[in-house]
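# Structural description and commentary
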Amino acid sequence: MEAVFRIESARIIAGVTRIVRDVGIAEEIAQDALVAALEQWPESGVPEKPGAWLTATAKHRAIDLVRRRETYARKLAEVGRTLADVPPPDTADPALTDPDAIDDDLLRLVFTACHPVLATEARVALTLRLLGGLTTEEIARACLATEAAIAQRVVRAKRALAKAGVPFEVPCGADRAARLDSVLEVIYLIFNEGYSATSGDDLLRPALCEDALRLGRVLAALMPKEGEVHGLVALLEIQASRSTSRTGPGGEPVLLADQNRTRWNRLLIRRGFAALERAAATGRPPGPYTLQAAIAACHAQAVRYEDTDWPTIATLYARLAALNPSPVVELNRAVAVSMVDGPAAGLAVVDALGGDPALRGYHLLPSVRGDLLARLGRAAEARVEFEQAASLTRNARERDLLHARAARCR
């Protein structure tokens, strides 16, 4: 029953939200449907289609709530369907659980949970709750926060959506593009936190990567004509393929150059390449996620680190920097430039970023600089940079790696 609810909860909440127009109330009604299942299924048996049973039960309760709140005629006009003759859950009308209608509702829920009226951390928490099906405890563990803080964050997010009167819809035109960017950003942030934890004792949080991948795949199925959605999925699939090789037996980080590429997941790589092809098939110019996926594909195609097509990667980073200017992109481009034109050329790019306020406190800036200085034989300077990077990172595993690299420079 727990597995069924985890899988179906997002669709149930989405379908109910279309009726009650409030994600907080919709989530409560979905949980009421689960309670009804816990009471009835032990006696009646698990229905042939448990997801449809839960959805129909939740929608019946939503309809009852609407009837109690407002006049029946007014709500009939707003919802746009006849509610009077809805059959009981065991003989549910297929229209109540039509896959296309449910998918439409799920897409609306994605855009609602990621509305710009919410702060980024609130979008992440609400998305994990409503679409990922995670409990408050699981979200707190993923976000390295207390359960009370996450509970308040989710409650405030729901309240903010209700107060702002955010419509339960997929926006159109420029609004849709802006909101889609927010949706993709949230999924990307969730994956990145799982792929390289900002703090704590572990480098990876695989469960977060899996949640982000699942959300990305769902979104790609719902929006097949959006190239950047497929581009994001391609990026996540290919990045996730390296997960098992990114840490050693003791959980210590393993750098890309030292990873055992035979351990890379070839199935995920094939899925990533297929998503890249779907992105190209939309006929739209590649966006930032598609370009990053193309860079990841270059790494995936190289049998050995020495075989990496660095000139293509450097070109792709230049295109990414032109499309989406960012000091972090420039820092990554510096690494590619160093592999094509030598570490001195890469160091020149890095030094140009030294005064950027966005990188103040960013541990990868001194880390990359230390690597380039070490390759140039300037060990003493490299050691200072690695120690500086170690002092800035909040991840214990990365800190140990950076201290070890500093020690090797002595």
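Throughout, residues of each chain are indexed from 1 in the direction in which the sequence is written. Per-residue local features of the predicted model are confined to residues with pLDDT of at least 70, and side-chain atom pairs are confined, for both listing and counting, to 80 or more; whole-chain, interface and lining totals are unaffected and use all residues. As a rule here, side-chain values cover all heavy atoms of the structure and leave hydrogens and water aside.

This next bit is on the overall build of the chain. Elements are defined by DSSP. Helices are runs of H or I of four residues or more, strands are runs of E of two residues or more, and each kind is numbered from the N terminus. For the chain, the helix and strand inventory stands at 19 helices and two strands. Residue burial is assigned from relative accessible area. The probe radius is 1.4 Å, only protein chains are included, and a residue is buried under 20% of its type maximum, exposed over 50%, and partly exposed in between. Out of the 410 residues in the chain, the part that is buried amounts to 49%. Contacts are assigned to residue pairs with any non-hydrogen atoms lying within 4.5 Å of each other. The long-range share in the chain, meaning contacts at least 24 apart out of those at least 6 apart in sequence, stands at 65%. Accessible surface for the chain amounts to roughly 19,600 Å². Of this, 53% is attributable to carbon and sulfur atoms. In short, Shrake-Rupley with a 1.4 Å probe defines the accessible areas, and a residue's cover is counted only from the protein chains shown.

This next bit is on unusual backbone geometry. We note that Arg21 has phi near 60°; this positive angle belongs to a residue other than glycine. Along the chain, Arg21 turns up in the loop between helix H1 (2-20) and helix H2 (23-44). The partly exposed category is assigned to Arg21, whose relative accessible area is 42%.

With that settled, consider the pattern of salt bridges. A pairing counts as a salt bridge when a side-chain nitrogen of Lys or Arg comes within 4 Å of a carboxyl oxygen of Asp or Glu. Under the defined criterion, the tally for this structure stands at 17 salt bridges. Between Asp371 and Arg405 there is a salt bridge, with its nearest N and O atoms 2.8 Å apart. With Asp371 in helix H17 (residues 364-375) and Arg405 in helix H19 (residues 396-408), this residue pair connects regions lying 34 residues apart in the sequence. On the basis of relative accessibility, which here comes to 25%, the residue Asp371 falls in the partly exposed class.

Here we take up helix H8 (residues 147-164). A helix is expected to span 1.5 Å multiplied by its residue count minus one. With 18 residues, H8 ought to run about 26 Å at 1.5 Å a step, and its terminal C-alpha atoms sit 26 Å apart, in line with that. For H8, every residue scored as buried is listed here: Ile150, Val154, Ala157, Lys158 and Leu161. Along the axis of H8, the buried positions cluster into a sector of 90°, meaning they face one direction only. Exposed residues lying more than 90 degrees from the buried face of H8 are Ala148, Arg156, Arg159 and Lys163. Two residues or fewer after H8 comes Gly165, characterised by a positive phi angle close to 65°. Of all possible arcs, the one meant is that of the directions from the helix axis to the C-beta atoms.

This part is about the packing of aromatic side chains. The criterion for an aromatic pair is that two Phe, Tyr or Trp rings (for Trp, the six-membered ring) have centres within 6.5 Å, with stacked assigned to planes under 30 degrees apart, edge-to-face to planes over 60 apart and tilted to the rest. According to the stated counting rule, one finds three aromatic pairs in the structure shown. The interplanar angle of 70° and the centroid separation of 5.4 Å between the aromatic rings of Trp41 and Trp53 together place this pair among those described as edge-to-face. Here the residue Trp41 occupies a position in helix H2, and Trp53 occupies one in helix H3 (residues 50-69), the gap between them amounting to 12 residues. Each of the two residues, Trp41 as well as Trp53, counts as buried. Where Tyr305 meets Trp310, the ring centres are 5.9 Å apart and the plane angle is 70°; that geometry is what we call edge-to-face. Only when the NZ atom of a Lys or the CZ atom of an Arg is both within 6 Å of the ring centre and within 35 degrees of the ring normal do we say a charge sits over the ring. The ring of Trp264 has Arg242 sitting right over it, with the charged end atom 5.5 Å from the ring centre.

Any link to function would need more than the numbers given here.
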